[in-house]
Amino acid sequence: MGNQKIIIYQIFTRLFGNRTNVCKQNGTIAENGCGKMNFFTDDVLRQIRSKGYTHVWYTGVIRHATATDYSSYGIPRQHPAIVKGKAGSPYAITDYYDIDPDIAENVDKRMDEFLKLVDNSHRNDLKVIMDFVPNHVARQYKSIAKGKGVRDLGEDDDKTKAFDANNNFYYCVNTPFSPNIDLYGGEAQPYSEFPAKATGNDQFCASPSCNDWYETVKLNYGVDYCDAGGRSEHFDPIPNTWHKMLDILLYWASKGVDGFRCDMAEMVSTAFWHWAIEQVKKAHPAMIFIAEVYNPWEYKHYVEAGFDYLYDKVGMYDTMRGVICGNCPTSQITTAWQWVDKISNHMLYFLENHDEQRIASDYFAGDGFRAYPALAVNMLMRSNPFMVYAGQEYGERGMDSEGFSGKDGRTTIFDYWTVPSLHRALVAKESTADEHKLSTMYDRILSIASTEKAVGEGQFFDLMYVNGHIAQKQYAFIRKADNEMLLVVANFANEAVSVKVNIPEHAFNFLGIPKSDILGTDMVRQSTVKANFKTDDFVDVEIGANDCKIIKFNLKMDSDITFNEHNKEEYPPAHTAEHLLNQTMVRMFGCKRSDNAHIERKKSKITFIIDHKPSRKEEKAIEDRMNELIDADLPVRYEVVDRDNLPKEVDANRLPADVSEKVRLVYIGDYDVCPCIGKHVRSTSQIGRFVMLGTNWDEMKHAFRIRFKIV
């Protein structure tokens, strides 16, 4: 993926693609259904990749405590008193070496289905991230999938000691587990545990409250939290838990996963992380580690321990939430990035995840559109990764009362449920007008973030120190790589504004901006913007309410651009479809783009030279793929470059000999790029429907001719 910006799509696997739409409060899996790993077909994964995502975090795939009885499959049953919700928390792990049976179509083949999911993701150019939960496990942890010779957690513990460096758990010696909960949970016999173990949230007593992580057990990494002299560390010799957890990391790395999101990483000593990450990366150099860390004072230590990325929750997320809700000025965004500037490339930005309230909920902004400027700012301002939580792009509200998870503005992680906006988009294929509009806006920002060099590897220049007049509701910055510069101005106000964005002298000198008149392109609306840098040091910008202006400048571009003459008037929908069809044929048959096309309003013809006559099944696949791309509503955007500076995807040998100095490139999402100066639609959903009228095959020339129309 080179220097492409990492963009993560977090999917709560149990909910994503659930085809059942019953949504009974506290419903069982039989009543409410469950998403399955086999929902992720090539079509689904291609659509995710085409939007610009590089990684998918499949949340909740390791087997965890659940109230569903799988004992007929040889899976130990969990006592419901210590399971939160019918489905259970994905962070109460019952077997680190196993896959959650809920998400398997065939429970006995659940690992095979996971390996297929990994392979399918890789085949569609997506890297796989999974959870690693190092701090705690479920109370009834028992591995049935561990390898030969592997000892279970707690199997060899000395339970007569509250702490021992080689114990896997902490114990309340000679004391039964007596939390402030119903220990029956509807069963005839209560849950019993003796001696009681400490909880995952560091309650070293036998009677945690209902607000504690009572369903989990704290893992012991050689830290005595209750030492008479205070917390003490016992890391020499290496504690037993360290070896067991390293084995688990290497086990999943061997299955082909590309990264670990490490739950509550800051509750585990950095000494362990330094030791374990070094060994995993020695065997798997490309593996990435993401830490859930909330203490900014500890960020540096976790980067030094080997983590590639850290949650920027307390800094950037909290700041953005305040700005979106009108509780703090946009000038605080500058403060947020400056706080971690020395490790900025290690910070993971996000606006939603499974722990946080949905933007569109009544407890946050009440409207997904209000966070659009925050999306644009966080996605484009630095080269560090950004994460989107599935449903966020449709304005999911999270206002259901699912069961264990009440109406709290979050999408449940404890219950069997169907996420309304995802069901409409993925299963029913009938998103509301607002959901479609917002997802299209997300797609445009994703496309810019995933394809623009200035975003992936360019310099960042914050403009707020000379723009105090907009420091309450607007935020402006520049990104620049080589001769390409992006000016991004976001408006968090609920009304449209017209502002002058000052460009300081330091920016002209530091970034090498020429003092001349420069033409720019509004990358969202495809209109032309002129910056009069010859006489002015500001840009006039008009922005709608809760909107963002992204202007791209080619700093070597002449003010007057001359293209080759264009000798035909295309029908934009059919012409855009021609671009899609060319790329589809290249990908499906490994051929070159067509040199013989007649594109017209009523019907069109296009010929490809390929190695065999396509079967009827292959012809149908071409038509289906075209309509999938159209339905994906990929944004169409333009870029003007020097003819000697074409991207690697463009074959310069196909350009005419008399090509002009400047070449206009047409990008369709992240799917296709082609030099062209014809007319196109703004996004693929405006094409219509692609209908294949017929085909012809010339065996001598190996020429395959397609006749199609746009309906």
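**Student:** Now, about the packing of aromatic side chains: what can you tell me, with residues and values included?
**Tutor:** How two aromatic rings sit relative to each other is set out by the distance from centre to centre and by the angle between their planes. The final tally for this structure, using the stated rule, is 42 aromatic pairs. An angle of 80 degrees between the planes, with centres 5.2 Å apart, marks the rings of Phe 40 and Tyr 58 as edge-to-face. In this pair, Phe 40 sits in the loop between helix 1 (29–32) and helix 2 (42–50) while Tyr 58 sits in strand 2 (residues 55–59), placing the two residues 18 residues apart along the sequence. Residues Phe 40 and Tyr 58 agree in their burial class; the two are buried. The interplanar angle of 50 degrees and the centroid separation of 5.4 Å between the aromatic rings of Trp 242 and Trp 275 together place this pair among those described as tilted. In this pair, Trp 242 sits in helix 4 (residues 240–254) while Trp 275 sits in helix 5 (residues 270–283), placing the two residues 33 residues apart along the sequence.

**Student:** Now, about empty space enclosed by the protein: what can you tell me, with residues and values included?
**Tutor:** Evaluated as defined, the whole model comprises 6 cavities of 30 Å³ or more. Considering only enclosed or pocket space, the largest cavity measures out at about 80 Å³ in volume. Lining the largest cavity are Arg 444, Ser 447, Ile 448, Met 523, Val 524, Gln 526, Pro 635, Val 636, Arg 637 and Arg 682. Secondary structure elements with two or more residues in the lining of the largest cavity: helix 11 (433–451) and strand 27 (636–642). Examining the composition of the lining of the largest cavity, we find that 3 residues originate from one element, helix 11, more than from any other. In this structure, the second largest cavity encloses a volume near 60 Å³. Per-class residue counts for the lining of the second largest cavity are 4 nonpolar, 5 polar and 3 charged.

**Student:** Tell me what's going on with the layout of surface pockets, and back it up with residues and numbers.
**Tutor:** In this model, the second largest pocket occupies a volume close to 770 Å³. Secondary-structure elements contributing two or more residues to the lining of the second largest pocket are helix 2, helix 10 (420–428), helix 11 and helix 15 (616–631). Residue composition of the lining of the second largest pocket, grouped by class: 12 nonpolar, 8 polar and 10 charged.

**Student:** Tell me about the pattern of salt bridges, and name the residues and values.
**Tutor:** Here the structure, examined in full by the defined rule, presents 42 salt bridges. Close ionic contact of Lys 515 with Glu 505 constitutes a salt bridge, the shortest N to O distance being 3.3 Å. With Lys 515 in the loop between helix 13 (505–511) and strand 21 (517–522) and Glu 505 in helix 13, this residue pair connects regions lying 10 residues apart in the sequence. For Lys 515, a relative accessible area of 44% gives the class partly exposed. With a relative accessible area of 46%, Glu 505 lands in the partly exposed category. One salt bridge in this structure joins Lys 552 and Glu 639, with 2.8 Å as the shortest N-O distance. Here Glu 639 lies in strand 27 and Lys 552 lies in strand 24 (residues 547–554), a separation of 87 residues in the sequence. Side by side, Lys 552 and Glu 639 carry an identical accessibility label, which is buried.

**Student:** Before we move on, could you go through the sheet that holds strand 18 (residues 474–481) and cite the residues and values that matter?
**Tutor:** Strand order across the open sheet formed by 6 strands is 17-18-19-24-21-22, with antiparallel pairing between neighbours. Where the open sheet ends on each side, the last strands, each with one partner, are strand 17 (459–462) and strand 22 (528–532). Mean inter-strand twist for the sheet, computed between neighbouring axes without regard to direction, equals 25 degrees. Of the pairings in the sheet, the one linking strand 19 (residues 484–491) to strand 24 comprises 8 bridges and is antiparallel in character. The residue of strand 24 that forms the bridge with Glu 484 is Asn 554.

**Student:** Can you lay out the sheet that holds strand 25 (residues 596–598) for me, pointing to particular residues and giving the numbers?
**Tutor:** Strand order in the open sheet formed by 4 strands is 25-26-31-30, and the pairing between neighbours is antiparallel. Looking along the sheet, the strands with just one partner apiece sit at the ends: strand 25 and strand 30 (690–698). Neighbouring strand axes in the sheet, compared pairwise and without regard to direction, differ in orientation by 20 degrees on average. Of the strand pairs in this sheet, strand 26 (residues 604–609) and strand 31 (residues 703–710) are connected by 6 bridges, and their pairing is antiparallel.

**Student:** Could you give an account of the side chain of Lys 51, naming the residues involved and the relevant values?
**Tutor:** Structurally, Lys 51 is set in the loop between helix 2 and strand 2. A polar contact of 3.2 Å, which involves the side chain of Lys 51, links it to the side chain of Asp 443. When sequence neighbours within four positions are dropped, the list of residues in contact with Lys 51 reads Asp 443, Leu 446, Ser 447 and Ala 632.

**Student:** For the packing of helix 7 (residues 313–324) against helix 9 (residues 372–380), give the residues involved together with the corresponding values.
**Tutor:** Put simply, helix 7 and helix 9 touch, their axes get as near as 10 Å, and they point 150 degrees apart. The orientation of helix 7 relative to helix 9 falls into the category roughly antiparallel. In the crossing of helix 7 with helix 9, the sense of the turn from one axis to the other is right-handed. Residue-level contacts link Met 316, Met 320 and Ile 324 of helix 7 to Ala 374, Val 377 and Asn 378 of helix 9.

**Student:** Describe the confidence of the model for the protein, listing the residues and the values that go with them.
**Tutor:** In regions of low pLDDT, the predicted coordinates are not meant to be interpreted in detail. This prediction gives the protein a mean pLDDT of 93; 97% of its residues lie at or above 70. Across residues 558–568, confidence stays below pLDDT 50; counting only partners more than four residues off in sequence or on other chains, it has 19 contacts.

**Student:** How would you sum up the side chain of His 423? Please name residues and give values.
**Tutor:** Topologically, His 423 is positioned in helix 10. His 423 gets classed as buried once you look at its relative accessible area, which sits at 12%. Those residues within four positions of His 423 in sequence are excluded, and the remaining contacts are Asn 18, Arg 19, Thr 20, Asn 21, Thr 418, Ala 428 and Lys 429.

**Student:** Explain the nonpolar core to me, using residue names and the numbers behind them.
**Tutor:** With 176 residues, the main nonpolar core has Trp 252 and Trp 273 as its most contacted residues. Counting residues per element, this core draws most heavily on helix 4, which supplies 8 residues. Once residues lying within four places of it in the same chain are set aside, the contact partners of Trp 252 are Ile 62, Tyr 96, Tyr 97, Asp 98, Ile 99, Met 111, Phe 114, Met 130, Val 257 and Phe 260. Grouped together as the second largest cluster of nonpolar side chains are 31 residues, Ile 599, Ile 610, Leu 629 and Phe 708 included.

**Student:** Just give me the short version of unusual backbone geometry, but keep the residues and values in it.
**Tutor:** At the junction of Phe 194 and Pro 195, the peptide bond is cis and its omega measures out at -10 degrees in the coordinates. For Pro 195, the position within the fold is in the loop between strand 7 (171–172) and strand 8 (196–197). Pro 237 follows Asp 236 through a cis peptide bond whose omega is 5 degrees. Counting through the fold element by element, Pro 237 comes out in the loop between strand 11 (232–233) and helix 4. Positive phi is not limited to glycine here, since Asn 26 has a value of about 60 degrees. Looking at where Asn 26 falls in the secondary structure, it is placed in the loop between strand 1 (7–12) and helix 1. According to the relative accessible area criterion, Asn 26 is partly exposed, its value standing at 37%. If you check the backbone angles, Asn 546 has positive phi at about 45 degrees while not being a glycine. Take Asn 546: it is sitting in the loop between strand 23 (538–543) and strand 24. Relative accessible area serves as the criterion here: at 13%, Asn 546 is assigned to the buried category.

**Student:** Go over the packing of helix 9 against helix 11, please, and point to the residues and values.
**Tutor:** Relative orientation of the contacting elements helix 9 and helix 11 amounts to 15 degrees, with a least axis distance of 10 Å. Comparing their axes, helix 11 and helix 9 come out roughly parallel. The element helix 9 and its partner helix 11 pack so that their crossing is right-handed. In contact with Tyr 372, Leu 375, Ala 376, Met 379 and Leu 380 of helix 9, helix 11 contributes Met 441, Tyr 442, Ile 445, Leu 446, Ile 448 and Ala 449. A class-by-class count of the residues in the contact of helix 9 with helix 11 yields 11 nonpolar, no polar and no charged.

Rules used throughout
- Residues numbered from 1 in each chain as written.
- Predicted model: local features only at pLDDT ≥ 70, side-chain atom pairs only at ≥ 80, totals over all residues.
- Heavy atoms only, no water.
- Phe/Tyr/Trp six-rings, centres within 6.5 Å; stacked < 30°, edge-to-face > 60°.
- Helix = DSSP H or I, 4+ residues; strand = E, 2+ residues; numbered from the N terminus.
- Buried < 20%, exposed > 50% of the residue type's maximum accessible area, 1.4 Å probe, protein only.
- 1 Å grid on protein atoms, 1.4 Å probe; cavity = no way out; pocket = protein on both sides within 12 Å on 5 of 7 lines; lining within 4 Å.
- Points joined across faces, edges and corners; volume = space filled by probe spheres on them.
- Nonpolar A, V, L, I, M, F, W, Y, C, P; charged D, E, K, R; others polar.
- Salt bridge = Lys/Arg side-chain N within 4 Å of Asp/Glu carboxyl O.
- Pairing = 2+ DSSP bridges.
- Axes fitted to C-alpha atoms, helices over the stretch in contact; angles between N-to-C directions.
- Polar contact = N/O pair within 3.5 Å; in protein donor to acceptor, adjacent residues only side chain to side chain.
- Contact = heavy atoms within 4.5 Å.
- Parallel < 35°, antiparallel > 145°, perpendicular 65-115°, else oblique.
- Left-handed = near helix turned anticlockwise from the far one by under 90°.
- pLDDT = per-residue confidence, 0-100.
- Core = buried A, V, L, I, M, F, W, Y, C linked by side-chain atoms within 4.5 Å.

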